[in-house]
Amino acid sequence: MTGIGRVLVILYAVMALAATGRSFVQIVRRFDEAPLAYSLSAVAAVVYIVATLGLVLAGRRGWYAVAWVAIIFELTGVIVVGTLSLLVPELFQHDSVWSVFGRGYLFIPLVLPTFGIWWLRTHRPEAVAS
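1. Thoughts on the overall build of the protein
Okay, step 1: Of regular secondary structure, the protein possesses four helices and zero strands.
Okay, step 2: Listed N to C, the secondary structure of the protein is α-α-α-α in terms of helices and strands.
Okay, step 3: Within the span of the protein, comprising 130 residues, buried residues form 38% of the whole.
Okay, step 4: In the structure as shown, the protein presents an accessible area of about 7600 Å², 70% of it carried by carbon and sulfur atoms.

2. A few points about the packing of helix H1 (residues 3–30) against helix H2 (residues 35–56)
Okay, step 1: The geometry of H1 relative to H2 is characterised by a closest axis approach of 8 Å and an angle of 155° between their N-to-C directions. Between H1 and H2, the angle falls in the class roughly antiparallel. In this structure, the crossing between H1 and H2 has a hand that is left-handed.
Okay, step 2: Along the lines of polarity and charge, the residues of the contact of H1 with H2 split into 16 nonpolar, five polar and two charged.

3. Brief notes about the packing of aromatic side chains
Remark: the centre distance and the inter-plane angle together describe each pair of aromatic rings, the angle taken between the planes.
Okay, step 1: Inspection of the entire model under this criterion finds three aromatic pairs.
Okay, step 2: Ring geometry for Tyr64 versus Trp68: centroids 6.5 Å apart, planes at 70°, classification edge-to-face. Residue Tyr64 and its partner Trp68 are both found in helix H3 (residues 63–87); the two are separated by four residues, about one turn of the helix.
Okay, step 3: Residue classification places Tyr64 among the buried residues on the basis of a relative accessible area of 7%.
Okay, step 4: For the ring pair Phe115 and Trp118, a centre distance of 5.6 Å and an interplane angle of 20° mean the geometry is stacked. Taken together, the residues span about one helical turn, with Phe115 and Trp118 both in helix H4 (residues 108–122) at a distance of three residues.
Okay, step 5: On the accessibility criterion, Trp118 (41% relative accessible area) is partly exposed.

4. Re the side chain of Ser41
Okay, step 1: With respect to the element layout, Ser41 can be found in helix H2.
Okay, step 2: Within polar-contact distance, the side chain of Ser41 engages the side chain of Gln26 at 3.2 Å.

5. Quick look at a nonpolar patch on the surface
Okay, step 1: Taken together, the side chains of Phe24, Val25 and Val28 define a hydrophobic patch exposed on the protein surface, amounting to about 300 Å² of accessible area.
Okay, step 2: Take Phe24: it is sitting in helix H1.

6. Section: the side chain of Thr52
Okay, step 1: You can see Thr52 is positioned in helix H2.
Okay, step 2: Discounting residues that sit within four places of it in the chain, Thr52 has contacts with Val9, Tyr12, Ala13 and Ala16.

7. Thoughts on the nonpolar core
Okay, step 1: With 21 residues, the main nonpolar core has Leu8, Tyr12, Tyr48, Leu55, Ile71, Leu112 and Leu120 as its most contacted residues.
Okay, step 2: Elements represented by at least two residues in this core include exactly H1, H2, H3 and H4.
Okay, step 3: For this core, the element with the highest residue contribution is H1, accounting for six residues.

8. Quick word on H2
Okay, step 1: Along its 22 residues, H2 runs 32 Å from first to last C-alpha, staying within 8% of the 32 Å computed at 1.5 Å per residue.
Okay, step 2: Turning to H2, its buried residues number three or more, namely Ala37, Tyr38, Ser41, Ala44, Ala45, Val47, Tyr48, Ala51, Thr52, Gly54 and Leu55.
Okay, step 3: If you follow the buried residues of H2, they end up packed against H1, H3 and H4.

Reading guide: rules and limits
- Starting afresh in each chain, residues are numbered from 1 along the sequence in its written order.
- In keeping with the predicted nature of the model, local features appear solely for residues at pLDDT of at least 70, side-chain atom pairs appear and are counted solely at 80 or more, and the whole-chain, interface and lining totals rest on all residues.
- Side-chain descriptors were evaluated using all non-hydrogen atoms of the structure, hydrogens and water having been removed beforehand.
- To qualify as a helix, a DSSP run of H or I must reach at least 4 residues; to qualify as a strand, a run of E must reach at least 2; elements of each kind are numbered from the N terminus.
- Accessibility here uses a 1.4 Å probe with only protein chains present; expressed as a share of the type maximum, an area under 20% marks a residue as buried, one over 50% as exposed, and anything in between as partly exposed.
- Only the protein chains shown count as cover for residues, and all accessible areas are computed by the Shrake-Rupley method using a 1.4 Å probe.
- Angles run from 0 to 180 degrees between N-to-C directions of axes, and those axes are lines fitted to C-alpha atoms, restricted for helices to the stretch in contact.
- The scheme is simple: roughly parallel for angles under 35 degrees, roughly antiparallel for over 145, roughly perpendicular for 65 to 115, oblique for anything else.
- Handedness of a crossing follows from how the near helix is turned relative to the far one, being left-handed for an anticlockwise turn of less than a right angle and right-handed for a clockwise one.
- Three classes are used, and their members are as follows: Ala, Val, Leu, Ile, Met, Phe, Trp, Tyr, Cys and Pro are nonpolar, Asp, Glu, Lys and Arg are charged, and the others, Gly among them, are polar.
- Here a pair means two rings of Phe, Tyr or Trp (six-membered ring of Trp) with centres within 6.5 Å. Their orientation is stacked below 30 degrees between planes, edge-to-face above 60, and tilted elsewhere.
- Between N or O atoms, a polar contact is any pair within 3.5 Å; within protein, one atom must be a potential hydrogen donor and the other a potential acceptor, and residues adjacent in sequence are included only when both atoms are from side chains.
- Like charges within 9 Å and nonpolar side chains (Val, Leu, Ile, Met, Phe, Trp, Tyr) within 5 Å are joined into patches, using only residues over 30% in relative accessible area that form no salt bridge.
- Basic side-chain nitrogens of Lys or Arg form a salt bridge, by our definition, when they fall within 4 Å of a carboxyl oxygen of Asp or Glu.
- Contacts are assigned to residue pairs with any non-hydrogen atoms lying within 4.5 Å of each other.
- In this text, buried Ala, Val, Leu, Ile, Met, Phe, Trp, Tyr and Cys residues form a nonpolar core when linked through side-chain atoms within 4.5 Å.
- Each helix should span, by expectation, one fewer than its residue count multiplied by 1.5 Å.

Structure, rendered in structure tokens:
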């Protein structure tokens with residue numbers, strides 16, 4: 001894996017750890033305040049974990065596809081939920097990573113999967129390359 005690939009894995013691992021810790025605290029302490037947003041945070045944690053594993057193991061059979069699916073799912077979720085937070089803001093009354101495409105988080109939820117998709121497209125493993 002190249003230097004950029006390692007950085008991508010590190011970013012996903014950090015996001016996985018942060019999202020897991022954050023969603024755990026949100027669900028345990030404040031779930032009734034914003035159940036939809038906090039449930040989505042838990043889903044995001046799982047997606048980040050799967051994407052991280054997929055990227056780390058992308059050279060092994062099947063894991064490249066796992067990374068693709070997880071990152072596409074992540075980007076789709078950010079776009080759908082970001083749009084929903086603009087159209088129906090009462091669903092996301094508290095600022096969250098999902099609000100307006102993650103604006104309060106420097107658009108990382110939107111930029112990271114876009115970068116991940118670019119990297120996967122340009123760094124296909126030998127076993128998968130056509």
